[in-house]
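Here is what each chain is made of, one letter per residue.
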Amino acid sequence: MERILVSSCLAGRPVRYDGAAKPVAGGLFERWRTEGRLVPFCPEVSGGLAVPRPPAEIVGGDGGDVLDGTARIRTEAGVDVTGEFLHGARLALEAANRSGARIALLKEGSPSCGSHRVYDGTFTGSAAPGTGVTTALLRLSGIQVFSEDELDALQALLADLES
């Protein structure tokens, strides 16, 4: 049975910067939970950030750029939290490897977990195409990452892997 590394906030845990969760309910997600496939993990909290915490955005690129050192993750006040995000990304990869997860389901838009878009570093609510730092590291390591908007595509991959 394939395991899925999942953002803790999607599993209903209040770990987001604002102290909230963004749970995915019903359907496929509940089936995967019942089957014991889900491995909840929050890279930001695991990396050392508090709940709640100031929002942070990637400045100067996306998660791939953070990994190669050409972009940083900062709060609106300018506090550099890149180290915590990188540490959390490495711990997420370790959790995936320990559990055997080859798939991740992560929160879209997050500077850690975004898989298609992240906020652009201006703190104006504007998003740009790109990935979060955890998504970038997981993908570099061969783990396929999906957002909460891609449950059907994730299920199709599961069916393919398990057939």
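Refer to the structure above for everything that follows.
Q: Explain the packing of helix α1 (residues 27-34) against helix α6 (residues 151-161) to me, and be specific about the residues and the numbers.
A: Packing of α1 against α6 leaves a shortest axis separation of 9 Å and a crossing angle of 45 degrees. Considering the angle they form, α1 stands oblique to α6. For the pair α1 and α6, the crossing hand works out as left-handed. From α1, Leu-28, Arg-31 and Trp-32 reach across to α6, where they touch Leu-151, Asp-152, Leu-154, Gln-155 and Leu-158. For the contact of α1 with α6, the residue count by class is five nonpolar, one polar and two charged.

Q: A description of the pattern of salt bridges should follow, citing residues and the corresponding values.
A: Tallied over the full model, the rule gives ten salt bridges. If you follow the salt bridges from partner to partner, you end up with Arg-31, Glu-35, Arg-37 and Glu-162 in one network.

Q: Explain the pairing of strand β1 (residues 4-7) residue by residue, including any values.
A: Burial of β1 is two-sided: the residues Ile-4 and Val-6 facing one way and the residues Leu-5 and Ser-7 facing the other way are all buried. Strand direction decides the pairing type here: β1 and strand β2 (residues 38-41), joined by four bridges, are parallel. Note on β2: the bridge partner recorded for Ser-7 is Phe-41. Traced from β1 through α1 to β2, the parallel crossover comes out right-handed.

Q: How would you sum up helix α5 (residues 133-140)? Please name residues and give values.
A: Within α5, six of the eight residues are buried, which leaves it mostly tucked inside the rest of the structure. Within α5 the residues assigned to the buried category are Val-133, Thr-134, Thr-135, Ala-136, Leu-137 and Leu-138. Just downstream of α5 lies Gly-142, where phi reads positive at about 90 degrees.

Reading guide: rules and limits
- Residues numbered from 1 in each chain as written.
- Predicted model: local features only at pLDDT ≥ 70, side-chain atom pairs only at ≥ 80, totals over all residues.
- Heavy atoms only, no water.
- Axes fitted to C-alpha atoms, helices over the stretch in contact; angles between N-to-C directions.
- Helix = DSSP H or I, 4+ residues; strand = E, 2+ residues; numbered from the N terminus.
- Parallel < 35°, antiparallel > 145°, perpendicular 65-115°, else oblique.
- Left-handed = near helix turned anticlockwise from the far one by under 90°.
- Contact = heavy atoms within 4.5 Å.
- Nonpolar A, V, L, I, M, F, W, Y, C, P; charged D, E, K, R; others polar.
- Salt bridge = Lys/Arg side-chain N within 4 Å of Asp/Glu carboxyl O.
- Buried < 20%, exposed > 50% of the residue type's maximum accessible area, 1.4 Å probe, protein only.
- Pairing = 2+ DSSP bridges.
- Right-handed = clockwise from strand over helix to strand, strands pointing away.

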